[in-house]
Amino acid sequence: MDYETIKDSLYVNNVFLSKEIPKENYLRKLPVISNLKKMRGLKLTKPVTFFVGENGVGKSTLIEGIAVAMGFNAEGGSLNFRFSTRESHSRLHEYITVSRGYRRRKDGFFLRAESLYNVASNIDDLDHEPCPGPPIISSYGGVSLHEQSHGESFMALIENRFCGNGLYILDEPEAALSPMRLMRLMYCMKELVDRNSQFIISTHSPILMSFPDAEVIEITEEEIKSVDYKETEHFFITKRFMDAPEQMLKDLLG
Ligand SMILES: Nc1ncnc2c1ncn2[C@@H]1O[C@H](COP(=O)(O)OP(=O)(O)O)[C@@H](O)[C@H]1O
Ligand SMILES: [Mg+2]
C-alpha cells in the first residue's frame, strides 16, 4: 500500500517541528530534534513503528511529545489519566505538530517504563474513592497492579485493558518482560493491529523490532532513517554475541 492510501487509516501519520525551539532549550541539541529540523516531516507509514537508536538520542522525548500532543497525560496512562507526580517531561509537544488520519480512535494508552508504578497507584487511589459502577481495576484484570511483578502487571494491562481501535505508545516495553512474555506481547500486538490499532514504540529489543511489516526508524547523530531491523546495531551485536558468546566475552573482558 502506498503512503497516500495508508496515511488516513493511521491515528498518527506525520510529525514535524512547527515552532522554533528557543536557543537555550536543551531540546535543540538532541539528535532527534536537530534531524527533525532538517526534514519536512517524519512520516509514519505502518500500523507499527519502532524508534531505535543509542541511549540519549531522544527516543523517549520524541514519543512522549507525540503522546502529549495526542492528548495523553505526560506521565502515562489512558486518555482519562490526569495524575502528575512531578513535572519531568519536556515541552516538546509545544513545538511539534502531529498529523492525524481520519479514523477515530476508541482506545489508547501511553506507557512509560518508569511510570507503570504511578499508573498502578492512580488506579488504586481512584478505586478507593466512592463511585458508581465497577472498580477501574476490573478493566485491568481485577488484581492491583501493585500486587504483581513489573512484567505481570505490564501484561495484565495489555491483555485486559487494550481493546483495539486504539493508539498505543510504549517506551521500551521489553524492560519489563522475559523473552517469553515479549513474544506474548507481540502476539497481543498482532491481534490489536488486526483490530485497527496503531503502535508507536521505542525499543532496544532485536526480537520486538522484528515484528512483521513494522517500520523501524533509526535515530542517529546524523539522521533519522527507515532501516531493515537486521541492519540495526542492536540486531548485529546481539547476533554476534549469541553466535559466539565465549569469543565475544574474551574480546570484551580479556
Ligand atoms: N531537563 C533536562 N535538561 C537537560 N537535558 C535533558 C533533560 N531531560 C532530558 N535531557 C537529556 O535528553 C536526552 C535524551 O533523553 P531521552 O529522550 O530519554 O533519550 P533516549 O530515550 O533516546 O535514551 C538525554 O541525554 C538527557 O540527558
Ligand atoms: Mg528512552
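As a reminder, the structure under discussion sits directly above these lines.
If you're wondering where the values come from, they're calculated on a predicted model, not measured in any experiment. (Residues numbered from 1 in each chain as written. Chains lettered and ligands numbered in written order. Predicted model: local features only at pLDDT ≥ 70, side-chain atom pairs only at ≥ 80, totals over all residues. Heavy atoms only, no water.)

**Section: the sheet that holds strand β7 (residues 198–202)**
1) Next: Here six strands make up an open sheet; going across it, the order is β5-β6-β7-β3-β8-β9 and the pairing mixed. Both outer strands of the open sheet, β5 (107–111) and β9 (224–227), are each paired with one neighbouring strand and no more. For this sheet, the mean angle separating the axes of adjacent strands, direction not counted, is 15°.
2) Next: Bridge count for strand β8 (residues 215–219) against β9 is four bridges, and the pairing is antiparallel. Counterpart to isoleucine 219 in the pairing with β9 is isoleucine 224. (Pairing = 2+ DSSP bridges. Helix = DSSP H or I, 4+ residues; strand = E, 2+ residues; numbered from the N terminus. Axes fitted to C-alpha atoms, helices over the stretch in contact; angles between N-to-C directions.)

**Describing the pairing of strand β3 (residues 48–52)**
1) Next: By the criterion of burial, β3 is predominantly enclosed, with five of the five residues buried.
2) Next: On β3, burial covers both faces: Val48, Phe50 and Val52 on one face and Thr49 and Phe51 on the other are all buried.
3) Next: With four bridges connecting them, β3 and β7 associate as parallel partners. In the strand pairing of β7, valine 48 is matched with phenylalanine 199.
4) Next: Pairing between β3 and β8: four bridges, direction parallel. Within β8, the residue paired with phenylalanine 50 across the bridge is valine 216. (Buried < 20%, exposed > 50% of the residue type's maximum accessible area, 1.4 Å probe, protein only.)

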